[in-house]
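# Structural features, examined
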2 protein chains.
Amino acid sequence: MTLDSLTDEHLDRAFMALADPVRRAIVARLSRGPATVNELAEPFAITKQAVSKHIAVLEQAGLVSRSRDAQRRPATLVPEVLEKLTAWIDTYRLTTESRFRRLDDVLAGTHVSTPTHRKDQEK
Amino acid sequence: MTLDSLTDEHLDRAFMALADPVRRAIVARLSRGPATVNELAEPFAITKQAVSKHIAVLEQAGLVSRSRDAQRRPATLVPEVLEKLTAWIDTYRLTTESRFRRLDDVLAGTHVSTPTHRKDQEK
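Residues numbered from 1 in each chain as written. Chains lettered and ligands numbered in written order. Predicted model: local features only at pLDDT ≥ 70, side-chain atom pairs only at ≥ 80, totals over all residues. Heavy atoms only, no water.

What follows covers the overall build of chain A. A tally of helices and strands in chain A yields 6 helices and 2 strands. Along chain A, helices (α) and strands (β) appear in the sequence α-α-α-α-β-β-α-α when read from the amino end. In chain A, which comprises 123 residues, the proportion classed as buried is 38%. In chain A, once contacts between residues fewer than 6 apart in sequence are set aside, the share between residues at least 24 apart is 49%. Surface exposure of chain A reaches about 7200 Å², of which carbon and sulfur atoms provide 52%. (Helix = DSSP H or I, 4+ residues; strand = E, 2+ residues; numbered from the N terminus. Buried < 20%, exposed > 50% of the residue type's maximum accessible area, 1.4 Å probe, protein only. Contact = heavy atoms within 4.5 Å. Areas by Shrake-Rupley, 256 points an atom, 1.4 Å probe, with all protein chains shown as cover.)

Written out as structure tokens, the structure is:
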């Protein structure tokens, strides 16, 4: 996965990977440091097999990488991909908010030009 | 949906809603202003029924609201929920990045205290 821009397929996988409470808890845990399947399975009432599957989903989404160390194979969070997701969301959030601000400005301008409609003058 | 914090169920729905290229394109379009199903269906090679279903998914996720105007029922993007998603992601991204920075500092400190291993001195 290139980090410059996420393709539609990468975004599909990454958002889908985050659409699960156990995988989000794994992301939260890994943000504090790499961990093995055994370490990740401990706080959850699910099997190591289930944890392994969740990690595989996160790995295919590019959100987690795993070391080549066959003995431990700890999983590590990849913050660059999380950043790409917030960048995608923020692009549209900021566009929307700036449009709302312009609308507010227009409405404020309208009120000033038609003072008889101003609520504060009706009191 | 309360905007103070998204529950696991809300996060599930919101991330799942974004894990689809057509729904992301609808979010992109709505960031530029409200639109009806007819207007949203135009650029896509899919039926209005399919667009309606996608909007319903976005609406259930709290990402989109629809006006009560039965004639038009335009869909509007809800930037506050997008903001909650980036807040969730950024919490763990920033924790990871700050951990990486501390690790870098430790490694840099190690290099300084054992100058014979510094690469720039080997040249």
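Now that the structure has been shown, the text picks up again.
Our focus in this paragraph is the pattern of salt bridges. One pass over the structure, following the stated rule, counts 10 salt bridges over all chains. Of the charged contacts, one joins Arg13 of chain A and Glu9 of chain A as a salt bridge, the two residues approaching to 2.8 Å between their closest N and O atoms. Linking Arg13 of chain A with Glu9 of chain A, this pair stays in helix H1 (residues 8–18), spanning 4 residues, or about one helical turn. Look at Glu9 of chain A and you get partly exposed, because its relative accessible area is 49%. Of the charged contacts in the structure, one is a salt bridge between Asp12 of chain B and Arg24 of chain A, with a shortest N-O distance of 2.8 Å. Placement of the pair is Asp12 of chain B in helix H1 (residues 8–18) and Arg24 of chain A in helix H2 (residues 21–30), with the two residues belonging to separate chains. Of the residues examined, Arg24 of chain A reaches a relative accessible area of 3% and is grouped as buried. (Salt bridge = Lys/Arg side-chain N within 4 Å of Asp/Glu carboxyl O.)

One finds Phe15, Leu63 and Leu85 of chain A together with Phe15, Leu63 and Leu85 of chain B to be the most contacted residues of the largest nonpolar core, which totals 56 residues. Leu63 of chain B has contacts with Ala14, Ala17, Leu18, Leu58, Thr76, Leu77, Val78, Val81, Leu82 and Leu85 of chain B, leaving out every residue within four places of it along the chain. (Core = buried A, V, L, I, M, F, W, Y, C linked by side-chain atoms within 4.5 Å.)

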